[in-house]
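One letter stands for each residue in the lines below.
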Amino acid sequence: MRATARHNDIRLESHIPISTSIVHCCLAVGRVFTVAAALLAPLPAIALAQQTPTIADVDAIFAQYDSSTTPGCAVAVMRGNDVVMERTYGMAHIGFAVPMSTATTMWVPYSEARVFTALAVAMLARDARLSLTDSVRRHVPELPAYAANVTIRQLLHHTSGLADYGTIAGPGWQISDRMSEDEMFRLLTRWGQLVFPSGEQKMYSNSDYALLKILVERITGGTLHAYLSGTLFQPLGMTSTRVGADQGAVAPDHALFHEATSDGFRSLLRYRESPVGGIAVTTSVDDLVRFSRGLRDTTTGLQAMLEQLKPGAFPDSSDDGYSFGLFRGSELNPDLIIYRGVGEYNWLTVSADGSLSVIVLCNAYKDMFLFGPALTSLYTGAQDSADAAPATTRVTRGGSLDTVATVAVSPAELQRYVGEYRTAERRRSGIIVDVVDNVLRFNVPDGRRFLTRSIGGGRFEFIAAPGLRVQLAFAGTDSTEDVIALHQTIVETGESAGDDLYRFVEWQPGPGMLQSYPGAYVSEELDLVLHVSVDADRVLIAGRGLPVTQMSPMREDAFEIPDYRVLFHRDARGRITHLTLNSTRVRDMRYTRRASP
């Protein structure tokens, strides 16, 4: 029996049974590396039918958190401005036996909370204290001169071309490490270049929202929280909401965040102490109910301001899905609005016709991407229209990809991509790519299979989850066309959907090659040194903040370490001259080999 259930607080309009097959579908799935794979039935674009699930229907979604020994969740469902259901599960504090409540404050992490930073910018634009077309350097002159053309709007939509400061900090730097604002500016200055010309591409970069926070504080003369508190939180009655608070603080009404481990959960006490750390939010379901009402209230102007933040034509566009913490659903649910970040922590989901809002907060990250869309489907009556078909086929045979132009691919070309793809770092079976009925199939290690559709140029797409269209790009590597590389991208954000993969080929450097790697490699731009050494048949790397780490061989002169690929470069005589680091956000970080004394 569930000790933490708030039976007295549960509000259900009736107990009309509804099929739970879609819930079971959602609960059964996991992730494609970092991509959610929840396969929800489509929501019609017209006014949606009202349904009321039973308590059991709702509880089934949150079963994994429904225990006195797990973190917990608090949930509210709203029709218009009315709360029609509240429910809580699990614990705010496991050790002290404190159950979750809708008043408990929980952490909404960095990218997931960016709509609040965007609203701060929008309110300043409304009051003519800035223009979205302003150069960022007009307000933050410490930004390097090479970024003179970067605008505020480009920061909002990750089209600035600014390097992610955490990535160029080098291997060994963790998101929980301390980094001051002036150190970030020094890093960006030393890096000396944009990743691409501002406004021409999209790339998720933490530097963008770190700069927006700094910009708001420069203009207002106070903290981001102080400005939002006075202009947004207090007027809406959001008395428990804080921006940039110490997420690890112990307080009676605050639930510490947890991370999943191999044998349960642990409290996550280290939080990002860096320029972007100050945009994370702590809030409660009760406060988010007030926020949802504020979004509906035309007198607040909040929805109108969010609309005004939308840019014009691509590439500086929100029409491809991601816009300052909002996702425009998916082709399966084209009008669904999901408030989340690139990490898929969904905290507010709004139905296709805008009549239903689902609020979910959990003090853990695991499977947060499932809950809002699953509850929305229950309450809008979205039925599993493909009961007779395997769930993994619905993503390719439904209407979602029928609107995407299909490019014919010959059987010979399809066979070229077949094989096992691994990240050498993990040195285990990864993705299996095969062909079924002349269709390329993407097979995930947990047994799920996704049929894809060719869009040409070695690129294929499939729907992984609401708001998540995944593109697979096959290419020959820079060494030979016979070795196929596979890059996964979330189409809506341009962010990597997982590690780069390579068709598995056994390779191990011989004794002579092993001895060519050791040395000190220096990045003049970043003022960093990496030390490469060899121990027996292992190639090791170390640096500032990076303990001695074994590099996993991928192919000749190419290795992997966490978050980076390491590629050694040779001159015409075969001597190694430098190495480059490549990540999903910044490429070609050059480290020159220091001459021997």
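For the structure, check the block above.
Residues numbered from 1 in each chain as written. Predicted model: local features only at pLDDT ≥ 70, side-chain atom pairs only at ≥ 80, totals over all residues. Heavy atoms only, no water.

Let's talk about the nonpolar core
And step 1. Formed by 128 residues in total, the largest nonpolar core has its most connected members in Phe62, Phe116, Phe291, Trp347, Phe371, Leu375 and Phe568.
And step 2. Here this core gets nine residues from one element, more than from any other, and that element is helix H3 (residues 114-126).
And step 3. In this structure, Leu414, Phe460, Phe462 and Ile490 belong to the second largest nonpolar core, which totals 21 residues. (Core = buried A, V, L, I, M, F, W, Y, C linked by side-chain atoms within 4.5 Å. Buried < 20%, exposed > 50% of the residue type's maximum accessible area, 1.4 Å probe, protein only. Helix = DSSP H or I, 4+ residues; strand = E, 2+ residues; numbered from the N terminus.)

Some remarks on helix H6 (residues 181-191)
And step 1. Restricting attention to buried positions, one finds in H6 the residues Met184, Phe185, Leu187, Leu188 and Trp191. With its buried residues spanning 160 degrees around the axis, H6 presents them on a single face.
And step 2. Looking at the buried residues of H6, the elements they touch are helix H5 (165-168), helix H7 (206-220) and strand S33 (589-593).
And step 3. After H6 finishes, the residue Gly192 shows a positive phi value of roughly 80 degrees. (Arc of directions from axis to C-beta. Contact = heavy atoms within 4.5 Å.)

Description of the packing of H3 against helix H10 (residues 302-309)
And step 1. Contact geometry for H3 and H10: axes closest at 9 Å, N-to-C directions at 90 degrees. When the axes of H3 and H10 are compared, the pair comes out roughly perpendicular. Contacts from Val115, Ala118, Leu119, Ala122, Met123 and Arg126 of H3 reach H10 at Leu302, Met305, Leu306 and Leu309.
And step 2. Partitioned by chemical class, the residues of the contact of H3 with H10 number nine nonpolar, no polar and one charged. (Axes fitted to C-alpha atoms, helices over the stretch in contact; angles between N-to-C directions. Parallel < 35°, antiparallel > 145°, perpendicular 65-115°, else oblique. Nonpolar A, V, L, I, M, F, W, Y, C, P; charged D, E, K, R; others polar.)

Thoughts on the sheet that holds strand S8 (residues 242-243)
And step 1. Read across the sheet, three strands follow the order S7-S11-S8 without closing on themselves; strand pairing throughout is antiparallel. Two strands in the sheet have a free side with no partner beyond their single neighbour: strand S7 (106-108) and S8.
And step 2. With three bridges joining them, S7 and strand S11 (residues 281-283) adopt antiparallel strand pairing. Note that in S11 the partner of Met106 across the bridge is Thr283. (Pairing = 2+ DSSP bridges.)

Here's the deal with the packing of aromatic side chains
And step 1. Tallied over the full model, the rule gives 23 aromatic pairs.
And step 2. Between Tyr165 and Trp173, the ring centres sit 5.9 Å apart and the planes meet at 75 degrees, which makes this aromatic pair edge-to-face. Residues Tyr165 and Trp173 agree in their burial class; the two are buried.
And step 3. Pairwise contacts between aromatic rings join Trp107, Tyr110, Phe257, Tyr345 and Tyr365 into one cluster.
And step 4. Sitting above the plane of the Phe327 ring, Arg340 keeps its charged end 3.4 Å from the centroid. (Phe/Tyr/Trp six-rings, centres within 6.5 Å; stacked < 30°, edge-to-face > 60°. Lys NZ or Arg CZ within 6 Å of the ring centre and 35° of its normal.)

Topic: the pattern of salt bridges
And step 1. This model, assessed by the stated rule, comprises 16 salt bridges.
And step 2. The salt bridge partner of Asp127 is Arg126, with a shortest N-O separation of 3.0 Å.
And step 3. Residue class for Arg126 comes out partly exposed when judged on its relative accessible area of 46%.
And step 4. In this structure, the salt-bridge partner of Glu217 is Lys213, at a minimum N-O distance of 3.2 Å. Residue Glu217 and its partner Lys213 are both found in helix H7; the two are separated by four residues, about one turn of the helix. As far as the burial class goes, Glu217 and Lys213 line up, both buried. (Salt bridge = Lys/Arg side-chain N within 4 Å of Asp/Glu carboxyl O.)

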